[in-house]
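As a plain string of letters, each chain reads:
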Amino acid sequence: MPESAVGRLDAVLRRLEETEPIVHAYVDVDREGAAAAARRSDSADADGPLVGRPFAVKEVISVAGLPAAGGSPAFADHVAGNDATVVDRLRSAGAILVGTHTCHELTCGLDEPPTRNPWALDSYPGGSSAGGGVSVSVGSAAFALGTDAAGSVRIPAAMTGVVGHKPTAGLVSSNGVVRHATAPSIDNVGILARSVADVSAVLAVIAGPDPAGAATLWWPGDVRAIPPTGTREHLGGVRFGILGDATRAAMDARTPPEREVWSSFDAACEVLQSLGAVLVPLEIPALESAPDAIFTFFATELAAAHRHLLESRAAGYHPGVLEMLVGALSIPVSQVAEAVDVRGGLRGEVLGAFADARLNALVTPTTPRVAMPLASFDPAIELGTLIPYTCPFNLTGHPAVSVPCGFTASGLPIGLQLVGAPFEDAALLEVAAVYEQATTWHTYEPEVP
């Protein structure tokens, strides 16, 4: 007999009570609203993969009646009047909203949130969707929604040992993501969950055109849920691109990688080959320029939302965030034009690589390093070292998913990133599920408390 929604919610809330004093993943918890929704779900005897599944969202995604400050005291007075489209769709599908998750202030990655990594409490949990990855990892949410402008869903997924998916740009509505905490042209609502199948089930519900979200697009195929066991057992005929020597050397020179990350990546590639996949080395020179371009887009687009607020709310911003916003207002047009050129060139190179090499996916590490110690954590420096492999695909719009692929000797999770062709999210998740089912990395859970 399927577990009741009330039973599932009680289990998640018990886990929340056990872990929150330690990991600090939540900003607000709506116990009464969640309990009422769970009772309604059970009385309606509804059916579907998400019915009764408790979830939470990053505190930049609007939940009617709850604060959506984006982690910033400057916006502590901002309370959402309506649910974001993605929240509304999930509720309509029977999922139970538990609350909102902690994030970096305004998603900038320039402060240190109180959230802690459950695999090592003295280490960074990833960001900016920190609370989502941690909550899913410890079981205080069945799945979570975050936002990803440079890797902010995939990075915490990699660092907390869960799955994180950034959909194709325009596939999921951003209506209800608060404007003061987003850079619209590179930002995406993404999903964090324990398995690829769970991610796929959520994506099938939240994807699709939205009359209230002008940036969402019609797509040329179906977004379908993948059964828990996957729809295929091998990868025969599947072609994965891997970075060629010149591109990898350029990336390594920019951000020196950690040995254990590449060891796990090489082992993951061996698993893919054992499943029948073909690995194709290729060069994508423009990847190395992506971090500078992503900073320009992020800073200027975010600052545009704060132009008339900086003086009146100055005291509420984190000093580093305020400095970035003020500085971004003076970024010259020539720098923006250069970022636009990089974006176009990179998109052309990636699309060309997929076409010329007949790729099904591109595979890279999610991050070149694992969670760093908080004792020496300098957000202004550290975050830039985590995005080299994730941020390029915010510029190009390609879908990308991070799946667990190993642990360091000290027990810190490592992520593998798979990048698909535009609007081929279902196909990407399908091959990711094959890798996942061939390994056991996704089955490990942190011991908290």
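Overview of the structure. (Residues numbered from 1 in each chain as written. Predicted model: local features only at pLDDT ≥ 70, side-chain atom pairs only at ≥ 80, totals over all residues. Heavy atoms only, no water.)

### Focus on the sheet that holds strand β10 (residues 400–407)
Part 1 of the argument: A sheet is described by the order of its strands in space; here 11 strands give the open sequence β1-β3-β2-β4-β6-β5-β10-β11-β9-β7-β8, paired in mixed fashion. Of all the strands in the sheet, just β1 (26–29) and β8 (278–282) have a single pairing partner and so form its edges. Between one strand axis and the next, the sheet turns by 30° as a mean value, whatever way the strands run.
Part 2 of the argument: The sheet strands contacting helix α1 (residues 5–23) are β1, β2 (54–58) and β3 (96–101), and the helix crosses β3 at an angle near 20°.
Part 3 of the argument: Strands β2, β3, β4 (143–148) and β6 (188–193) of the sheet are contacted by helix α3 (residues 85–92), whose axis makes an angle of about 165° with β4. (Pairing = 2+ DSSP bridges. Helix = DSSP H or I, 4+ residues; strand = E, 2+ residues; numbered from the N terminus. Axes fitted to C-alpha atoms, helices over the stretch in contact; angles between N-to-C directions. Contact = heavy atoms within 4.5 Å.)

### Considering α1
Part 1 of the argument: When the terminal C-alpha atoms of α1 are compared, their 25 Å separation across 19 residues agrees well with the 27 Å that a helix rising 1.5 Å per residue should span.
Part 2 of the argument: At E17, α1 shows its largest bend, some 35°, and a proline, P21, comes one to four positions later.
Part 3 of the argument: Of the residues making up α1, those classed as buried are A5, L9, V12, L13, R15, L16, T19, E20 and V23.
Part 4 of the argument: Next to the buried residues of α1 lie β1, α2 (31–44), β2, β3 and α4 (130–138).
Part 5 of the argument: H24 sits one or two residues past α1 and shows a positive phi near 55°. (Expected span 1.5 Å × (residues − 1). Bend = angle between axes of the 7 residues up to and from the residue. Buried < 20%, exposed > 50% of the residue type's maximum accessible area, 1.4 Å probe, protein only.)

### Some points on the pattern of salt bridges
Part 1 of the argument: Taken as a whole and judged by the stated rule, the model has 11 salt bridges.
Part 2 of the argument: Between R31 and E17 there is a salt bridge, with its nearest N and O atoms 2.4 Å apart. Residue R31 is found in helix α2, and its partner E17 is found in helix α1; the two are separated by 14 residues along the sequence.
Part 3 of the argument: Residue classification places E17 among the partly exposed positions, given a relative accessible area of 45%. (Salt bridge = Lys/Arg side-chain N within 4 Å of Asp/Glu carboxyl O.)

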